[in-house]
Amino acid sequence: MYDYDLLVVGSANADLVIAVERRPAAGETVLGSDLAVHPGGKGANQAVAAARLGARTALLARVGDDAYGRLLLDSQRAAGVDTVGVLAGGAPTGVALITVDPSGDNSIVVSPGANGKLTPGDVRAATSLFQASRVVSTQLEIPLETVVEVVRNLADGSRLVLNPSPPRPLPAEVLAACDPLIVNEHEAKVILGDACVGERPEDWARILLAKGPRSVVVTLGARGALVASAEGVASVASVRVEAVDTTGAGDAFTAALAWRLGAGASLAEAAAYAARVGAAAVTKEGAQVSFPTADEVDAL
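Cut-offs applied
Residue indices begin from 1 for each chain and proceed along its sequence in written order. Local features in this predicted model are restricted to residues of pLDDT 70 or higher, and side-chain atom pairs are both shown and tallied only at a pLDDT of 80 or more, whereas totals for entire chains, interfaces and linings draw on every residue. Note that water and hydrogens are dropped before the side-chain values are worked out from all heavy atoms of the structure. Convention adopted: a line fitted to C-alpha atoms gives each axis, helices being fitted over their contacting stretch, and angles between N-to-C directions are expressed from 0 to 180 degrees. Runs of H or I in DSSP of at least four residues are treated as helices and runs of E of at least two as strands, each being numbered from the N terminus. An angle below 35 degrees is read as roughly parallel, one above 145 as roughly antiparallel, one from 65 to 115 as roughly perpendicular, and any other as oblique. Crossings are classed by handedness, with left-handed meaning an anticlockwise turn of the near helix from the far one by less than a right angle and right-handed meaning a clockwise turn. Every residue pair with non-hydrogen atoms within 4.5 Å of one another is taken to be in contact. Note that Gly is not counted as nonpolar here; it falls among the polar residues with everything else outside the nonpolar set of Ala, Val, Leu, Ile, Met, Phe, Trp, Tyr, Cys and Pro and the charged set of Asp, Glu, Lys and Arg. When DSSP finds at least two bridges between two strands, those strands are taken to pair. To estimate the expected span of a helix, count its residues, drop one, and scale the result by 1.5 Å. With a 1.4 Å probe rolled over the protein chains alone, any residue whose accessible area is under 20% of its type maximum counts as buried; one over 50% counts as exposed, and the rest are partly exposed. Pairing of aromatic rings covers Phe, Tyr and Trp, the last through its six-membered ring, and needs centres within 6.5 Å; plane angles under 30 degrees mean stacked, over 60 mean edge-to-face, and all others mean tilted. Working rule: Lys NZ or Arg CZ, within 6 Å of ring centre, within 35 degrees of ring normal, means a charge sits over the ring.

A few points about the packing of helix α1 (residues 42-53) against helix α9 (residues 249-262)
Two packed helices can be described by the angle between their axes and the distance between those axes. The N-to-C vectors of α1 and α9 enclose an angle of 55°; their axes lie 8 Å apart at closest approach. The angle between the axes of α1 and α9 places the two elements in the oblique class. Two packed elements cross with a definite hand, and for α1 against α9 that hand is right-handed. Contacts between α1 and α9 involve Lys42, Asn45, Gln46, Ala49, Ala50 and Leu53 from the former and Asp251, Ala252, Thr254, Ala255, Ala256 and Trp259 from the latter. Looking at the contact of α1 with α9 residue by residue, the class counts come to 7 nonpolar, 3 polar and 2 charged.

Structure (structure tokens):
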């Protein structure tokens, strides 16, 4: 019996968001909206998204002993996330600088701060959380050596979900543990490197699968997603909505997919549900504040 449906190991940032009519070119200054500050970070986002859907969720992360850190802890607790694994101190809380254009697309620059201080030792010290978790989800806004340690501390029978963002080449040990590896089109191309041939996402999915993951999901935005496993490659339809802000939508997708997999859904079933969750998230501004409840997903 697991105490948690999902353990998220990852980043926690304060999102500093400005709406712009268009992104500035090199050397150019543009005016934007008033600054909005939201709790964010891929790890914290996934934890909140899963908890909002009803998953028993814990977060292993590091924040600064500052106002942004308190903002993040308050947001996690309000969503029902167990924050016993959230460590404070060592560096200021990470910050993400986000611009959002009128179509809802965003550009993000991240200053890691305390996220860069989440160490392999912190993972080893949290063994009890790993033993109590059915599924573990992580990303690359924390040090790669910490992600490797996550792989080495997985409990027997648990499942690892990895979104390699921001993307970088991954060691074979990490790739082999992914079930699934979740990438968007840009991330797929970076992970594939010289092995990226052609422009067909179906081919990327197959080549990624051959690199070692037990399964792969390629998200395609408004075109839906592809799921790939030993059973083959299948398409997952998108859900048509009017996008307001795409910030955090990928995190909501990953969290929902991880939770549904842990509940026994097939990869295609979990991805279809996750597509609905991601679609609901883009209809509102912000990251965590936009994440839907299970009832809101059902009503979509």
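Notes on the sheet that holds strand β8 (residues 133-139)
Strand order in this open sheet of 9 strands is β5-β4-β1-β8-β9-β10-β11-β12-β13, and the pairing throughout is mixed. Each end of this open sheet is capped by a strand with a single partner; those strands are β5 (82-88) and β13 (232-236). Along the sheet, successive strands turn relative to each other by an average axial angle of 15°, direction set aside. Sheet topology note: the strand β10 (residues 178-184)/strand β11 (residues 216-219) ladder contains 4 bridges and is parallel. The residue of β11 that forms the bridge with valine 183 is valine 218. On top of the sheet, helix α7 (residues 185-192) reaches β9 (159-163), β10 and β11; it is set at about 115° to β10, its chief contact.

Focus: the environment of glycine 64
By the secondary structure assignment, glycine 64 is in the loop between β4 (57-63) and α2 (67-79). For glycine 64, the residues in contact, after removing those within four places along its chain, are Gly69, Gly89, Ala91, Pro92, Thr93 and Ala114.

Let's talk about helix α10 (residues 267-281)
In this model α10 runs 21 Å from its N-terminal to its C-terminal C-alpha over 15 residues, within 8% of the 21 Å that 1.5 Å per residue would give. α10 sits mainly inside the fold: 11 of its 15 residues count as buried. Among the residues of α10, those classed as buried are Leu267, Ala270, Ala271, Tyr273, Ala274, Ala275, Val277, Gly278, Ala279, Ala280 and Ala281.

A few points about the packing of aromatic side chains
As enumerated under the stated definition, the model contains 1 aromatic pair in all. Aromatic pair tryptophan 259 and tyrosine 273: ring centres 6.3 Å apart, planes at 65°, arrangement edge-to-face. One end of the pair, tryptophan 259, is in helix α9; the other, tyrosine 273, is in helix α10, with 14 residues separating them in the sequence. On the accessibility criterion, tryptophan 259 (13% relative accessible area) is buried. The ring centre of tryptophan 259 lies 4.8 Å from the NZ or CZ of arginine 260, which sits over that ring. It is arginine 260 that lies over the ring of tyrosine 273; its NZ or CZ is 5.6 Å from the centre.

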